[in-house]
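Here's the letter readout for the chains.
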Amino acid sequence: MKNTWKAYRSPIILLLAIIVGSIVGSTMGKDAAVLKPFGDLFLNVMFMIVVPLVFFSISSSVANMAGAKRFGKIISSMLIVFLFTGTVAAIISMAGIKVFPPSEGVNIDLVKPEASSEQVSIGDQLVSTVTVPDFVDLLSRANMLALILFSVLLGLATSKVGEKAKPLANFLSAGSEVTLQMVKYVMYYAPIGLGAYFAALVGEFGPTLLGSYFKAVLFYYPFSILYFFGFFTLYAFMAHGKLGIRTFWKNMLSPSVTSLATCSSAASIPVNLEAAKKMGVPDDISETTIPLGATLHKDGSVIGGVLKITFLFGIFGMDFSGINTYLLVGGVALLVGMVMGAIPQGGLIAEMLILSLFGFPPEALPIIAAISAIIDPPATLLNATGDNVASMMTARLVEGKNWLLKKTAPLTQQKGA
């Protein structure tokens, strides 16, 4: 009993903090915003750490990898998994919307934004997503994908140089350990920060759920719950059968609570890395898949992208039918899932991309911006926790079908002894 409490103490405390925060938010309503600074303090510190954490974890993992061949296999397997789960999310969400159209009968007055935003071409958007014009711009959570690419290149170069770069490889490994220890210190404040943030979130958005966007919410929330429990269980089974399912759900409480409370894939990276380690995912796989997944793998955002696009289809009387339309909507939704920043309310770039690709007027921006705000918590839940099951599936492709048994075998042998 004592060991059980020790193992689950942290997630239970976090969950209780979230419950208390929800009650406080429901009771205080918008007055709960007074508690938001306590939550912002926790978020800001996590964001302050996440840039060095991503840099050190990825670069050290790549630098100390057993050769470029294994890294190439990890990356290719990871991308296959990301594309597979994203495609599944797009297909089933479009099927669900055909059955339950969220914009049917919706009456929303279009309000023109105060200032029109400059349209950006797809090519320019992709360039700005994966690169930055100056090195100092890498030191920002707004440029996570560029930072990740730089970290990968640094790790590859360090690994290629070999013995001469050993001091740099050791430095990167030490930096990874130190930043993870910093995260452990910050997590002592987590119950207060998460509880306060969630209280403000419930207090601010609770009434909105009963407004004109209720039908869209009524689609997304149950659908995300179905995807979370149903498809994540399926993916865990694909990773390693029934043992994969047990291993996945046994370690998912803390990542789920953190992602729900913070609405940030970036803030969830440290907790996800810890959970993946407990799941038996090899370090080089988890430390590559999870940080990259925070930017590139967002099943919740893919589903949200389909919802936003089809919602606008209904508002503007466009026909949502035909294979070409389905392919276009699904493809754009996948792209939306890739370009959204791993930060709270990070969907503005993706929303501008939707308007540009489909030719919607600027007045459509506040419509999908409001949807983004309302569905942010469950979307982040799918985005962040999906990286864990993706790391398990990647381990299956890289290590073989018995990858998890390789991790649990020593423990079994010890018990038998």
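Residues numbered from 1 in each chain as written. Predicted model: local features only at pLDDT ≥ 70, side-chain atom pairs only at ≥ 80, totals over all residues. Heavy atoms only, no water.

*Asks:* Where do I start with helix 5 (residues 144–161) in this structure?
*Replies:* One turn of the α-helix equals 3.6 residues, which is why residues spaced by three or four share an orientation. Between its terminal C-alpha atoms helix 5 stretches 26 Å, which fits the 26 Å expected from 18 residues at 1.5 Å a residue. Listed as buried for helix 5 are Met144, Leu145, Ala146, Leu147, Ile148, Ser151, Val152, Gly155 and Thr158. Backbone geometry just downstream of helix 5 places Gly162 in the positive-phi region, at approximately 85°. (Helix = DSSP H or I, 4+ residues; strand = E, 2+ residues; numbered from the N terminus. Expected span 1.5 Å × (residues − 1). Buried < 20%, exposed > 50% of the residue type's maximum accessible area, 1.4 Å probe, protein only.)

*Asks:* What is the right way to read a nonpolar patch on the surface from this model?
*Replies:* There is a patch of nonpolar side chains on the surface, built from Ile12, Leu15, Leu16, Ile19, Ile23 and Leu253 and spanning about 480 Å² of accessible area. If you tally residues by element for the nonpolar patch, the top one is helix 1 (residues 2–28), at five residues. A relative accessible area of 32% places Ile12 in the partly exposed class. (Patch = residues over 30% accessible without salt bridge, like charges linked within 9 Å, V, L, I, M, F, W, Y side chains within 5 Å. Areas by Shrake-Rupley, 256 points an atom, 1.4 Å probe, with all protein chains shown as cover. Salt bridge = Lys/Arg side-chain N within 4 Å of Asp/Glu carboxyl O.)

*Asks:* Just checking my understanding: could you explain the packing of aromatic side chains for this structure?
*Replies:* Between two aromatic rings, the relevant description is the distance of the centres plus the angle of the planes. Applying the stated rule across the entire model yields 20 aromatic pairs. When the centroid spacing of 5.6 Å and the interplanar angle of 75° are considered together, the rings of Phe56 and Phe171 count as edge-to-face. You can see Phe56 sitting in helix 2 (residues 36–63) and its partner Phe171 sitting in helix 6 (residues 166–186), a full 115 residues away along the chain. Ring geometry for Tyr227 against Phe231: centres 5.2 Å apart, planes inclined by 15°, an arrangement best described as stacked. With Tyr227 and Phe231 both in helix 8 (residues 214–250) and four residues apart, this pair spans about one turn of that helix. Put simply, the rings of Phe84, Tyr227, Phe228, Phe229, Phe231, Phe232, Tyr235, Phe248 and Trp249 touch in pairs and so form one group of aromatic residues. (Phe/Tyr/Trp six-rings, centres within 6.5 Å; stacked < 30°, edge-to-face > 60°.)

*Asks:* Help me understand the UniProt feature "transmembrane region" (unreviewed entry) in the protein in this model?
*Replies:* Taken from the UniProt record, the annotation "transmembrane region" (unreviewed entry) applies to residues 12–29, 41–62, 74–97, 138–157, 186–206, 218–238, 323–343 and 355–375. In this annotation, residues 41–62 is assigned 100% helix and 0% strand; the end-to-end C-alpha distance for the span is 32 Å. Note that residues 74–97 is 100% helix and 0% strand, and that its end C-alpha atoms are spaced 34 Å apart. (UniProt positions renumbered as here; feature names shortened; annotations may be inferred.)

*Asks:* Whenever I open this one, the pattern of salt bridges confuses me. Can you help?
*Replies:* Using the criterion set out here, one finds three salt bridges in the structure. Here Lys36 makes a salt bridge to Asp40, at a shortest N to O gap of 3.1 Å. Here the residue Lys36 and the residue Asp40 both occupy positions in helix 2, the gap between them amounting to four residues, near one helical turn. The class of Lys36 is partly exposed, set by a relative accessible area of 31%.

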